[in-house]
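As a plain string of letters, each chain reads:
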2 protein chains.
Amino acid sequence: MTGRRPTIRPVSSVDVAKLAGVSQSAVSRTFSPDGSVSAATREKVLAAAAALGYRPNRIPAIMLSGRSHMVGVVVGGLDNPFYATVLDRFAVALREIGLQVLLVQVADSVALDDALDQLAGYRVDAAVTALAVGTQRAADALSALRIPIICFNSRLTSPWISTVQSDNRTAGRDAADLLADRGVRRPAWMAGPRANAASQERGRGFAERLAARGLPSPTLLRGDDTYQGGQDAVRRLLSTSPPPDGLFCGNDLMACGAIDALRQAGGLSIPRDVRVVGYDDIPQASWQSYDLTSFDQQVERMVAATLDLLAGALAGPPGPTGGRTVRIPVRLVPRGSTRQGG
Amino acid sequence: MTGRRPTIRPVSSVDVAKLAGVSQSAVSRTFSPDGSVSAATREKVLAAAAALGYRPNRIPAIMLSGRSHMVGVVVGGLDNPFYATVLDRFAVALREIGLQVLLVQVADSVALDDALDQLAGYRVDAAVTALAVGTQRAADALSALRIPIICFNSRLTSPWISTVQSDNRTAGRDAADLLADRGVRRPAWMAGPRANAASQERGRGFAERLAARGLPSPTLLRGDDTYQGGQDAVRRLLSTSPPPDGLFCGNDLMACGAIDALRQAGGLSIPRDVRVVGYDDIPQASWQSYDLTSFDQQVERMVAATLDLLAGALAGPPGPTGGRTVRIPVRLVPRGSTRQGG
């Protein structure tokens, strides 16, 4: 018998039943939420389970009920601390209600279709995508899964797809008011990539409120939602034009890159020469080197709104969420980068 | 019949068979990796599947084989960009070999036990924990799952638990050499929390090499692996003592906090007055405001080593990985914070 591999199958309910001296069905009932079992039996089962390190297998229940108690969470690159925060808060909130996260990481929304096999294959009860659903084709493919889906900051909806958005347009207006109040005369707007609908809304609110305040249209800088993109966009601008005196950026990563380029390439001081506002309130916005005024999307509230939208679908048989749009107000977080006086 | 909910079950292989005019078994065989089916049948099945938006259900196969093709990935707080990067790289690498990530987020290693029910309940094929396994009790509980487990930067192993570590001690020595070469005379070491074994190794290598170079023992600053902790530790030090002229930090988050506190509370210049070295090479280390010399743990290589350790277990029936320890060399990334001259 030497050389034989040790038994490697997980401890089963049969093993527990044997040690506890009860039936396998008594073990099953002890570990099922609605199972009825006497206190004495339960005690024997739990003692045997603890001794053997037994943990119940959910797969048979998934097979029978068609419900996996998993939620697919689709994210783009986690290099953006905002997405890392969203994922973190979802994992915590879902665990609290007994659901697990099947992580679906996709490079961009074009790659979303690949993700759908994963979501369908494991019969996830619902999916949440922090990656915006940008095309009708992607929305149709998601809808065909016939599970409730919540998209963050997406404009497309369907009977199966609801969205939770931060109030991007109002935030853009608030940024314009803040910069106008600080005496900015040459505003600029750093947009994310064209496919980022939320970023477009922020820019629209910013431009319309600047106009209402009698200020010129903002100079457009095109970033790509990364630190490097923000830095490059400012360098390009400074090589041909005088600097703006107020800059609103579509996200904080670009704003941090912009600040570094304004200081290093432009020799400019923040906020004295240029006032800067970002979006997302990532941890780095509060780091002293940036001290960046930003908009907090209130991720906890977005997560709570998502779970509210999913509650019906997750409690009963999965059904459409009705294509609703929930808007979460953003919270301005003023910091040194827009300080009065400077 | 008005008011009846529309049918909400996912499209099944029976629906596809009906539309394609073939048997349900032909549909199953078309979508199973080893299934044999004629080219003509396959074409009909794929066309019907595309028309209906059918995606195969993996649950019956999981039930039969006991293999879920899911890997549990256990992480602590994703607020640390290093963990976000690790998770991102794992998700990409696992997807490439057809495996999915069941995300298990736990607050700290004390909470690890909660995570085990999740890992066991879904019969994950293996688990990877980026959270160090700090206690024998946690190691025993993990081993009882009888699935292969890889821990990052952990010292505990068991037949079921192997570890992949960055070469923490050598990195500590390299940091000492670099600072000594730059003429540092009053070195300091900012440690992470006591439970962080990897951090302890870094500090040990640093101290022993400083001694070998004839330099004094480093002043100990106690951080908690966060930006705020790094900032607070430097403030406490400066309130009672003269500043060090060289500082090695257990991670980059603490180093960024330390740099900001040295500048703002101490009025000191980096690298002229204090040279600073971090660990992890998070994206923020390369941001111009910090320009922080750091050690790249080479996450891609750690991920590749992990998949190598798991390869046997994931291909055949899951078995112990043999309690191996794989050390990955770290790569010094010199930047402005240790620049010569300053």
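This section reports on the structure supplied with the text. (Residues numbered from 1 in each chain as written. Chains lettered and ligands numbered in written order. Predicted model: local features only at pLDDT ≥ 70, side-chain atom pairs only at ≥ 80, totals over all residues. Heavy atoms only, no water.)

1. Some thoughts on the packing of aromatic side chains
Quick reminder of the rule: Put simply, two rings from Phe, Tyr or Trp (the six-membered ring, in Trp's case) pair if the centres are within 6.5 Å, and we call them stacked under 30 degrees between planes, edge-to-face over 60, tilted for the rest. Helix and strand labels come from DSSP, where a helix needs a run of H or I of at least four residues and a strand needs a run of E of at least two; each type is numbered from the N terminus. Burial classes follow relative accessibility: with a 1.4 Å probe on protein chains only, a residue under 20% of its type's maximum area counts as buried, one over 50% as exposed, and anything between as partly exposed. The criterion is that NZ of a Lys, or CZ of an Arg, lies within 6 Å of the ring centre and within 35 degrees of the ring normal, and then a charge sits over that ring.
All told, the structure shown has 21 aromatic pairs over all chains when counted by the stated rule. Centre to centre, the rings of W189 of chain A and F206 of chain A are 6.4 Å apart; their planes meet at 45 degrees, and the pair counts as tilted. Highlighted residues: W189 of chain A in strand β6 (residues 187–191) and F206 of chain A in helix α9 (residues 197–212), separated in sequence by 17 residues. Assigned by exposure class, W189 of chain A and F206 of chain A land together as buried. An aromatic cluster is present here, built from Y227, W287 and Y290 of chain A together with Y227, W287 and Y290 of chain B joined pairwise through their rings. R202 of chain A extends its terminal NZ or CZ atom over the ring of Y279 of chain A, reaching a point 3.6 Å from the ring centre.

2. Notes on the packing of helix α5 (residues 81–96) of chain B against helix α12 (residues 299–315) of chain B
Residue and element names in this part refer to chain B. As a reminder of what qualifies: The convention used is that axes are lines fitted to C-alpha atoms, helices contributing only their stretch in contact, and that angles between N-to-C directions extend from 0 to 180 degrees. Orientation is classified from the angle alone, with under 35 degrees giving roughly parallel, over 145 giving roughly antiparallel, 65 to 115 giving roughly perpendicular, and any other angle giving oblique. Note: crossing handedness is left-handed where the near helix turns anticlockwise from the far helix by less than a right angle, and right-handed where it turns clockwise. Two residues form a contact once any of their heavy atoms are found within 4.5 Å. Classes in brief: Ala, Val, Leu, Ile, Met, Phe, Trp, Tyr, Cys and Pro nonpolar; Asp, Glu, Lys and Arg charged; the others, Gly included, polar.
Interhelical geometry of α5 versus α12 gives an angle of 50 degrees and a closest axis separation of 10 Å. Taken together, α5 and α12 sit at an angle that is classed as oblique. As α5 runs across α12, the sense of the crossing is right-handed. Facing α5, whose interface residues are F82, T85, V86, R89, F90, A93 and L94, α12 presents V299, E300, V303, T306 and L307. For the contact of α5 with α12, the residue count by class is eight nonpolar, two polar and two charged.

3. Looking at the pattern of salt bridges
Residues and elements named next belong to chain A. Condition: Take a side-chain nitrogen of Lys or Arg and a carboxyl oxygen of Asp or Glu: if they are within 4 Å of each other, that pair is a salt bridge.
Using the criterion set out here, one finds 26 salt bridges over all chains in the structure. Note that R213 is salt-bridged to D181, the shortest N-O span being 2.7 Å. Pair noted here: R213 is in the loop between α9 and β7 (219–222) and D181 is in helix α8 (residues 168–181), with a separation of 32 residues, a long-range link. The exposure class of R213 is partly exposed, given its relative accessible area of 35%. Assessed through its relative accessible area of 48%, D181 is described here as partly exposed.

4. Digging into the sheet that holds strand β9 (residues 275–277) of chain A
The strands making up a sheet associate through hydrogen bonds between their backbones, and the pairing can be parallel or antiparallel. Residue and element names in this part refer to chain A. As a reminder of what qualifies: Two strands pair under a simple rule: DSSP has to find at least two bridges between them.
With respect to topology, four strands assemble into an open sheet ordered β7-β6-β8-β9, the strand pairing being parallel. Each edge of the open sheet is held by one strand with a lone partner, namely β7 and β9. With strand direction ignored, the average angle separating the axes of adjacent strands in the sheet is 20 degrees. Summarising the sheet, β6 and β7 pair through four bridges and their orientation is parallel.

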